[in-house]
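Now for the letters of each chain:
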Amino acid sequence: MALKDAKAGIRNEAGIAVVLGILKQSFGERFQTGQSFRAQHAHTTTYIPSQLPDGVLFAESAEDVKAAVRVCAAHKVPVIGFGVGTSLEGQVNAANGGISIDFSRMNRVLEVNPEDLDCTVEPGVTREALNIHLRDTGLFFPIDPGANASIGGMASTRASGTNAVRYGTMKDNVLAVTAVTANGEEIRTARRARKSSAGYDMTRLFVGAEGTLGILTSVTLRLQAIPQKIAGGACAFPSIKAACDAVIMTIQMGIPVARIELLDTVQMRACNAYSGLSYAESPTLFLEFHGTDETVPLQSAAFAEIAAECGGAEFLWTANAEERTKLWKARHDAYWAARGLAPGLAALSTDVCVPISRLADCVSETQADIEEHGLLGPIVGHAGDGNFHVLLLFDDKSAEDIAKAESFVERLNRRALDMDGTCTGEHGIGQGKMAFLEQELGGTVDLMRQVKQALDPDDIFNPGKIFHHD
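Everything numeric here is computed off the predicted structure, so don't read it as measured data. (Residues numbered from 1 in each chain as written. Predicted model: local features only at pLDDT ≥ 70, side-chain atom pairs only at ≥ 80, totals over all residues. Heavy atoms only, no water.)

Asker: Describe the overall build of the protein, and please don't skip the residues or the numbers.
Answerer: Tallying secondary structure elements over the protein gives 17 helices and 18 strands in all. On C-alpha atoms alone, the protein measures out to a radius of gyration of 22 Å, which is about the 23 Å that the 2.2 N^0.38 rule sets for 470 residues. Its C-alpha atoms give the protein principal-axis dimensions of roughly 65 × 60 × 40 Å. Put simply, of all contacts in the protein between residues at least 6 apart along the chain, 72% involve residues at least 24 apart. For the protein, the accessible surface area stands at approximately 19100 Å², while carbon and sulfur atoms represent 52% of it. Side-chain charges in the protein split into 42 positive and 58 negative, and the spacing between the mean points of these groups amounts to 4 Å. (Helix = DSSP H or I, 4+ residues; strand = E, 2+ residues; numbered from the N terminus. Rg over C-alpha atoms; globule rule 2.2 N^0.38 Å. Contact = heavy atoms within 4.5 Å. Areas by Shrake-Rupley, 256 points an atom, 1.4 Å probe, with all protein chains shown as cover. Lys, Arg positive; Asp, Glu negative; His and termini not counted. Charge placed at Lys NZ, Arg CZ, Asp CG, Glu CD.)

See below:
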């Protein structure tokens, strides 16, 4: 991450002034320009400085979005989509000023097709709200990034999370989107069929584009049946390598684990203190299995054998919902638990992803790096995918600490790339990882620029993200 990549772009002051007037007249109180509204739509959950939009539109329909985009396009004013603001790399910042479109009021579930295991929702629906809506159908949406993110935001950043090892990421679970393009028209990228050979895969072009190619107005999702039985538990290991060996053996043996999360010693100490747990403070795997009354005990027993072979402690699993909820609540609260280790410090959350055969090497080398440079950075990872996060705690008012943090992130990303990994498994590029995207993909980034230029020639959609256009 480098602050130099979060630079402000050129503002179209004349165009912005005209657009502010038009949108205020068209939308009344649903268009706000007050400082507090603008600040709420530029906050970042890292140390990248906020860059406020000039106005916020609370859209209530696709027609609102189309109208706003047409006005902004006519005057070449930027448009930034906003779900609930959980992005981690400055994706919601208005680098060139412009208009933030807030989707909190576009929160309707438009259609559920239980027989086809799919649904269509507006972008402002959150994953928790969707699963509450689906509860009586026997279905659920499995992607769980931890935060109660909006579906539109999750699609735009190609999010994943704890269930990805079994259910995949957003790219695997989005069947189609509708999006408003730079001419102010709404397009649909696909139908609901489970497979198609009809032309370019435009759905996956928009999934992960971070709002740089258009504004999503609906998302059609793949759903899953709620498992008959769910069991989970935690297992401590003597080392990161032993825990990662257990992960690799579990995956290679085809055990259909639903979640397999790695927490290092520092993170376990934080979770014990914050969540009132009493687990061993050593590298630990949190696991969950989904299946039937017959299969889940078999899966749990099979993992227990693997853990023992790798030197792990006894794997104590439970199907008790209350106990499982406590376990995963602690995992989802890992961020706040880590912050509790040093309440006066700022936090920088960053992630990389490597082939799982290199996960132990990458995590171990990262731990050595943290210790060598006198840093504090608990590690937690989606071990089944080779994806892990470091929450670096540092003084964001100290130039020296900021430089140390940025140097660490640079080394971490270089390490992952040297292991044929990626600079981000799920946080996205935004403003914070532009330099690493260039290192990872080289000339392919130029091809991305050409796609951006073709679909958004005036660069109105979330400019200053993923790559610079100059």
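Asker: Can you explain the packing of helix α9 (residues 240-252) against helix α14 (residues 359-372)? Please cite residues and give values.
Answerer: Packing of α9 against α14 brings their axes to within 9 Å, and their N-to-C directions diverge by 155°. With respect to their mutual orientation, α9 and α14 come out roughly antiparallel. Where α9 crosses over α14, the handedness of that crossing is right-handed. Taking contact as the criterion, the partners of I240, K241 and C244 in α9 are, on α14, L359, A360, V363, S364 and Q367. For the contact of α9 with α14, the residue count by class is five nonpolar, two polar and one charged. (Axes fitted to C-alpha atoms, helices over the stretch in contact; angles between N-to-C directions. Parallel < 35°, antiparallel > 145°, perpendicular 65-115°, else oblique. Left-handed = near helix turned anticlockwise from the far one by under 90°. Nonpolar A, V, L, I, M, F, W, Y, C, P; charged D, E, K, R; others polar.)

Asker: Please provide a residue-by-residue account of the UniProt feature "domain: FAD-binding PCMH-type" (unreviewed entry) in the protein, values included.
Answerer: The UniProt feature table records "domain: FAD-binding PCMH-type" (unreviewed entry) at residues 49-226. Annotation note: span residues 49-226, helix share 22%, strand share 24%, distance between end C-alpha atoms 41 Å. (UniProt positions renumbered as here; feature names shortened; annotations may be inferred.)

Asker: Let's hear about the sheet that holds strand β13 (residues 257-263): which residues, and what values?
Answerer: One open sheet accounts for seven strands, arranged β15-β12-β14-β13-β17-β18-β16; its pairing is antiparallel. The strands lining the two open edges of the sheet, one partner per strand, are β15 (316-318) and β16 (346-353). Taking each pair of neighbouring strands and ignoring which way they run, the sheet shows an average axis angle of 20°. Against the sheet, helix α10 (residues 265-275) contacts β13, β14 (284-291) and β17 (379-382), and its axis sits at roughly 100° relative to β13. Along the sheet, helix α12 (residues 321-332) makes contact with β12 (229-236), β13, β14, β15 and β17, crossing β14 at roughly 130°. (Pairing = 2+ DSSP bridges.)

Asker: Break down α10 for me, with residues and values.
Answerer: For α10, the full list of buried residues reads Q267, M268, A270, C271 and N272. Structurally, α10 contributes buried residues whose contacts are with β13, β14, α12, α13 (334-339) and β17. (Buried < 20%, exposed > 50% of the residue type's maximum accessible area, 1.4 Å probe, protein only.)

Asker: Describe the sheet that holds strand β2 (residues 55-58), and please don't skip the residues or the numbers.
Answerer: Pairing is mixed across the open sheet formed by four strands, whose spatial order is β1-β2-β4-β3. Each end of this open sheet is capped by a strand with a single partner; those strands are β1 (31-32) and β3 (79-82). Relative to strand β4 (residues 99-102), β3 runs parallel, the two being bridged by four bridges. Looking at β4, one finds that G81 is bridged to I101. Of the strands in this sheet, β2, β3 and β4 are in contact with helix α3 (residues 62-74), which crosses β4 at around 175°.

Asker: Report on the state of the cysteines, specifying residues and quantitative values.
Answerer: One pass over the full model with this rule turns up zero disulfides. We note that C362 lacks a disulfide partner, and the nearest cysteine sulfur, in C353, lies 9.5 Å from it. (Disulfide = S-S within 2.5 Å.)

Asker: Explain unusual backbone geometry to me, and be specific about the residues and the numbers.
Answerer: With a phi angle near 55°, K76 is a residue other than glycine that sits in the positive phi range. When you line up the elements, K76 lands in the loop between α3 and β3.

Asker: Please provide a residue-by-residue account of the environment of R204, values included.
Answerer: Mapping R204 onto the fold places it in helix α8 (residues 202-206). What makes R204 partly exposed here is its relative accessible area of 39%. Residues within four places of R204 in sequence aside, it is in contact with K171 and D172. Here the side chain of R204 touches D201 through a polar contact of 3.1 Å, side chain to side chain. (Polar contact = N/O pair within 3.5 Å; in protein donor to acceptor, adjacent residues only side chain to side chain.)

Asker: If you had to explain the pairing of β14 to someone new, which residues and values would you point to?
Answerer: Burial of β14 is extensive: eight of the eight residues sit out of reach of the surface. Residue alternation in β14 divides its side chains into two sets, T284, F286, E288 and H290 and L285, L287, F289 and G291, and both sets are buried. Note: β12 against β14, eight bridges, orientation antiparallel. Bridged to K229 within β14 is G291. Of the strand pairs in this sheet, β13 and β14 are connected by six bridges, and their pairing is antiparallel. Bridge pairing in β14 places I260 opposite L287.

Asker: An account of the pattern of salt bridges is needed here, citing residue identities and associated values.
Answerer: Counted under the stated rule, the structure contains 33 salt bridges. The salt bridge partner of D172 is K171, with a shortest N-O separation of 3.1 Å. You can call D172 partly exposed: its relative accessible area is 28%. K241 is paired through a salt bridge with D245; the nearest N and O atoms lie 2.9 Å apart. Highlighted residues: K241 and D245, both in helix α9, separated by four residues, approximately one helical turn. Overlapping salt bridges bring together R127, E128, D144, R259, E288 and R324 as one network. (Salt bridge = Lys/Arg side-chain N within 4 Å of Asp/Glu carboxyl O.)

Asker: Could you give me a rundown of the packing of α9 against helix α11 (residues 295-309), with the residues and numbers involved?
Answerer: Between α9 and α11, whose axes approach to 9 Å, the crossing angle comes to 140°. Overall, the two elements α9 and α11 adopt an arrangement that is oblique. Classified by chirality, the crossing of α11 by α9 is right-handed. Only F303, I306 and E309 of α11 make contact with α9, whose side of the interface consists of A246, M249 and T250. Looking at side-chain class alone, the contact of α9 with α11 contains four nonpolar, one polar and one charged residues.

Asker: Just give me the short version of the packing of aromatic side chains, but keep the residues and values in it.
Answerer: In total, this model carries seven aromatic pairs according to the counting rule given. Ring centres of F286 and W328 lie 6.1 Å apart, and the angle between their planes is 85°; on these two criteria the pair is classed as edge-to-face. Placement of the pair is F286 in strand β14 and W328 in helix α12, with a sequence separation of 42 residues. Their ring planes at 70° and their centres at 6.4 Å tell us that F289 and F315 sit as a pair that is edge-to-face. Residue F289 is found in strand β14, and its partner F315 is found in the loop between α11 and β15; the two are separated by 26 residues along the sequence. (Phe/Tyr/Trp six-rings, centres within 6.5 Å; stacked < 30°, edge-to-face > 60°.)

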